[in-house]
Structure formats: C-alpha cells, structure tokens
Number of protein chains: 2
Amino acid sequence: MTDDAAAITLLIVDDHPVVRDGLRGMFESAPGFRVLGEASNGVEAVALAAALDPDVILMDLRMPGGGGVDAIRELTRTGARAKVLVLTTYDTDSDTLPAIEAGATGYLLKDAPRDELFAAVRAAAEGRTVLSPAVASRLVSAVRTPRAPGNDPLSAREREVLALVAKGTSNREIARELFISEATVKTHLTHLYAKLGVKDRAAAVATAYERKILG
Amino acid sequence: MTDDAAAITLLIVDDHPVVRDGLRGMFESAPGFRVLGEASNGVEAVALAAALDPDVILMDLRMPGGGGVDAIRELTRTGARAKVLVLTTYDTDSDTLPAIEAGATGYLLKDAPRDELFAAVRAAAEGRTVLSPAVASRLVSAVRTPRAPGNDPLSAREREVLALVAKGTSNREIARELFISEATVKTHLTHLYAKLGVKDRAAAVATAYERKILG
DNA sequence: GCGGGCATCAGCCGATCGGCTGATGCCCGT
DNA sequence: ACGGGCATCAGCCGATCGGCTGATGCCCGC
C-alpha cells in the first residue's frame, strides 16, 4: 500500500517520537497515503521538504530547535509545493493565527478522529483549507474585528493596570492602588488582553515587553 | 502645638491627598510633632527634603512621577539628614526589600494603629529601625536564605517552563508540552518564583524580561 | 444628536493558580 | 558515602483569575 501511484505523499514533523509513530502508523495502514519521512523540528522539516517534495506536511508547532511557524514561513517564502497542515495539541495555542498567516493550509487539533484527519489531508493536498471548529470560530472573530490584533494601542489606564500586573500586583491590590473597584480592574484587563491578543496576565506582560510597552 | 521647640519635624510624601491629609491631621493633633510640608511624588520629596530639612520623612512607595525607592536612594546618596519611614498599603509590596536596601529606616503598613505610628516616627527620628511584623518576618527569611534573591540562576527546565508561561500557556498545557505532570510544572514554578523573588507568573515574566532571561 | 471609545461598576461561575507538605530518584562534587 | 541541586510526582485547599452579561456616565467627532 505504500506504492500506490496516486497516493498522497506526506512529511511528518513533530518533536515527539510517539506522535510521529502514531501518525506514520495511521497513514501507512490507510490506502492512498505514503509517508516519505519524518522531521523533529522546523529546520529539519524545511530541509526534508526540499529533498522529498511531499504533497502535504503534517506539522506540529512549538518544537525545540526551529519553531513550526518559522518553518512554514520559510516554506512559503521558497515557494515549496507542499501544503502545510498544522496539527497541534491545543486550540488555545497562541500561534494559531501566526501559523495561518505564515501560509498553513489547515489547522487541526491532535484529538481529531482518524477519518477527519484523513479527510483533512486529502483536502489539504487539493489546496482546500481545513480548520478545526475551534480555530475556525476564532478566525471569524478575528476577521470580524478588523483591527490588527497586535497594534491596537492601549489606553493610559490599561497601561497603568498592566504595569502593576507586571509587578505581581493582584487585581484587588490594583483596585485599591488606583482607587477603583476590582470589577473595573478586571474590565481593563479583559480589554487589554483582547488588544494584545493574549489570554492571561503572564502573556500580556510578555507581549508588552516585546512591544516595548513595558521595560 | 506646631511651635514646640523639641518637636520632631515631618515631611509627608504620598500621591493620595486623602492620605496626606489624614497623616497631617493625625500628627498636628498630637504633641511633639510638626509637619513641615507635603509632597506627592519622589522628585518633589527630594526637593522638599533639601529645602525643609525634616527629621523624618513619611514616604509612600509607588507614586506616579518619581517612585519612592528612587527618592530614598537619592536622599541616601546626597547624605540627607532625614530618616525615611516607608508607609505603604500592603506588605505584599514587592518594593519592600529594595526600599530598605535603599536606606529606609523603617517600614510600616498604613493600617498600623495611631500610637504605633507615633512610636515609629519617634524611633525613626532617633535612627532606630522600625519594621511592621509582616515585613520583619520577610526580612529574616530573606536573610536566612543567603542567596541574593535576584541573581539566582534558573535551571534549564525552569527557563523552559517560564518561556511557555510567557506565551500564556496554562500549567496543564505546559505539562503535556513537556511530557511531565502538572504537579511538576507547579514545582518548577514555585522554585523559579523564589529565585526571581516574585509571587506570580506575571511578575516572573516581567522580571525575566528585565534580566534578559526572556526576550 | 448619535455612535463609539473609554472608564466605571455588579454578580455569577468554573477554571486555574499558588501554598503547603511530603516523597523519590539521579547525578555530581568532596 | 553523604549532602545538595535538580527533576519528578501527589493531594488538598483557599484565593485568584478570566469569561460572561449587562449597565451607566462622559466626552468627542461627524
């Protein structure tokens, strides 16, 4: 079954051997697919993609030594023929949008059923976009809000709250510090999370440092 | 009562007018004290301290436009005669140790009873150190642990966890990402909090950026 | 004068976090 | 061989957080 002439050829990229084995086994035991190789990080992936010229690359994000997003960007830049199907563990992954912007054809969660995975790979091979429901809904909301989810300036009050958060101040303490209620602090936080495109205070602080809002 | 020749002269520094009024009223209605002036930030405080030459400066930390710690450092550097008594709202304040290092003579919480406050000011005027119990216990634990609570290098694993925290990853997600249990993630976090001298993930991320561990 | 951004507040809820206590195994340096 | 740093894990608990829904008042620009 590995020499099916019409088979869709695959490259598997994941830093976890267990996952690679699982995927390989799954696709090798199904008709219509052929696994050409495996890579354990983004750099390897780019090299192998050039050497093996697969139809579809199943790619994890967040790998030591060459992140997935960078690899996708590189593949896109060099005009690789392969379609990239991102296969990640959590939809909460903050790299969702960057990955798609970088040129990923699809974005699935690892807990997707086998059949859904097969269908997704076939769809990706044809260039059709496949998104898991959670990611899809996130995308529409991102589009619905035309603001660049990154360059939205924070209000003075929001920066003030953020600065205190960076010092390890709790919401209640921030409230007393600024003479407002805890509810208001939470509102400010919710707003600045949205503006920064993050989901908790730790990531907000990190993003703020990256963008020179703090520091 | 404001022209008592033996009165202890005071400078009140706090960004909240309410607090300044409260302190002024408290000390003006008590014998043995004379309030020379008020400042609402650190810069003002340094200037007024030079002009008025008070015995004791009651200083809040965390003020807009010139933080309290910087002001204390400046006063110490210029060899001001005044003793600085830090008067802050929470003992959770992360500036506790820096303030004392900078040269503060005492450190009290604002909810201290009047008499305790008076006694503290008298003690400060004589150069004796006064610490609120919470701060005192923190100090001993800081001394008990001879490591500089700031320069303790993180282990590779701790840095790994911290980097994920900065991306907004939850403990559970980090656990799966690194193939360890959530309990272990929490252990790493507790350790790196101690090493960085912070109390939550947001402050850890901020400190890591400040020290170029991240970014 | 109306929409919209901003700041303020309320209450509920489940999820997550952080503290505490305690334990095991590994490796390294003395 | 012993101590110590590191990594791993458990369970309990209260505190905190973040999401959700909804509301008010202010000010500004069109």
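Heads up: these notes are all about the structure in this document.

Next up on the list: the interface of chain A and chain B. Contact residues are listed per partner, giving 26 residues for chain A and 26 residues for chain B. Note on chain A versus chain B: buried area summed over both sides is about 2500 Å², and carbon and sulfur give 50% of it. Our count for the contact surface shared by chain A and chain B stands at zero salt bridges. For the side of chain A that touches chain B, the elements supplying multiple residues, two or more each, are α7 (156–166), α8 (171–178) and α10 (201–210) of chain A. When residues of the side of chain A that touches chain B are assigned to their parent elements, the largest contribution, seven residues, is made by α10(A).

Further remarks concern the protein's contact with DNA strand C. In the region of DNA strand C, 18 residues are neighbours, and Ser155(A), Ser181(A), His188(A), Lys186(B) and Tyr193(B) sit closest. For DNA strand C, the backbone makes up 65% of the atoms found within 4 Å of the protein, where backbone means sugar plus phosphate. Take Lys186(B): an N or O atom from its side chain is 2.7 Å from a base oxygen of DNA strand C. In the environment of DNA strand C, a phosphate oxygen lies 2.8 Å from a nitrogen or oxygen atom belonging to the side chain of Tyr193(B). Those elements that provide at least two residues to the surface near DNA strand C are α9 (182–196) of chain A together with α8 (171–178) and α9 (182–196) of chain B. In terms of residue count, the dominant contributor to the surface near DNA strand C is α9(A) (six residues).

All names here are of chain B. If you trace the backbone, Ala102 turns up in helix α4 (residues 96–102). Classification of Ala102 by relative accessible area gives buried; the value is 7%. Residues Ala102 and Asp70, 32 residues apart in the sequence, show an inter-C-alpha distance of 7.9 Å. Every residue in contact with Ala102, bar those within four places of it in the chain, is listed here: Val69, Ile72, Arg73 and Thr76.

Examined against the element boundaries, Val69(B) turns out to sit in helix α3 (residues 68–77). When the C-alpha positions of Val69(B) and Ile100(B) are compared, they lie 8.6 Å apart, and in sequence the two are 31 residues distant.

Mapping chain A onto chain B is achieved by rotating through 180° and translating by 0.1 Å along the same axis, at an RMSD of 0.2 Å. Accordingly, the operation relating the two chain copies is best matched by a two-fold axis. Distance from the rotation axis, computed per C-alpha, reaches its smallest value in chain A at Ala202(A): 1.9 Å. When the interface residues of chain A are mapped onto chain B, 100% of them are again interface residues, pointing to one common binding face.

In this structure, Leu162(A), Leu192(A), Val205(A), Leu162(B), Leu192(B) and Val205(B) are the most contacted members of the largest nonpolar core, which totals 46 residues. Secondary-structure elements contributing two or more residues to this core are α7, α8, α9 and α10 of chain A together with α7 (156–166), α8, α9 and α10 (201–210) of chain B. Setting aside residues no more than four positions away along its own chain, Leu192(B) makes contact with Leu154(B), Glu158(B), Leu162(B) and Ala204(B). By size, the runner-up hydrophobic cluster in this structure holds 22 residues, among which are Ala30(B), Phe33(B), Leu58(B) and Val121(B).

One can describe the packing of α10(A) onto α10(B) by two numbers: an axis separation of 7 Å at closest approach and a directional angle of 20°. Considered as vectors, α10(A) and α10(B) are oriented roughly parallel to each other. You can see that α10(A) and α10(B) cross each other, and the crossing is right-handed. Residues Arg201(A), Ala202(A), Val205(A), Ala206(A), Tyr209(A) and Glu210(A) of α10(A) touch α10(B), and the partners they reach there are Arg201(B), Ala202(B), Val205(B), Ala206(B), Tyr209(B) and Glu210(B).

Right, let's talk about the packing of aromatic side chains for a bit. Residue and element names in this part refer to chain A. Applying the stated criterion across every chain yields a total of seven aromatic pairs over all chains. With 5.0 Å between their ring centres and 80° between their planes, Phe27 and Phe33 make a pair best called edge-to-face. According to the relative accessible area criterion, Phe27 is buried, its value standing at 0%.

Scoring rules and cut-offs
Residues numbered from 1 in each chain as written. Chains lettered and ligands numbered in written order. Predicted model: local features only at pLDDT ≥ 70, side-chain atom pairs only at ≥ 80, totals over all residues. Heavy atoms only, no water. Contact = heavy atoms within 4.5 Å. Buried area = accessible area lost by both parts, 1.4 Å probe. Salt bridge = Lys/Arg side-chain N within 4 Å of Asp/Glu carboxyl O. Helix = DSSP H or I, 4+ residues; strand = E, 2+ residues; numbered from the N terminus. Near = heavy atom within 4 Å. Polar contact = N/O pair within 3.5 Å; in protein donor to acceptor, adjacent residues only side chain to side chain. Buried < 20%, exposed > 50% of the residue type's maximum accessible area, 1.4 Å probe, protein only. Least-squares fit on C-alpha atoms with pLDDT ≥ 70 in both. Core = buried A, V, L, I, M, F, W, Y, C linked by side-chain atoms within 4.5 Å. Axes fitted to C-alpha atoms, helices over the stretch in contact; angles between N-to-C directions. Parallel < 35°, antiparallel > 145°, perpendicular 65-115°, else oblique. Left-handed = near helix turned anticlockwise from the far one by under 90°. Phe/Tyr/Trp six-rings, centres within 6.5 Å; stacked < 30°, edge-to-face > 60°.

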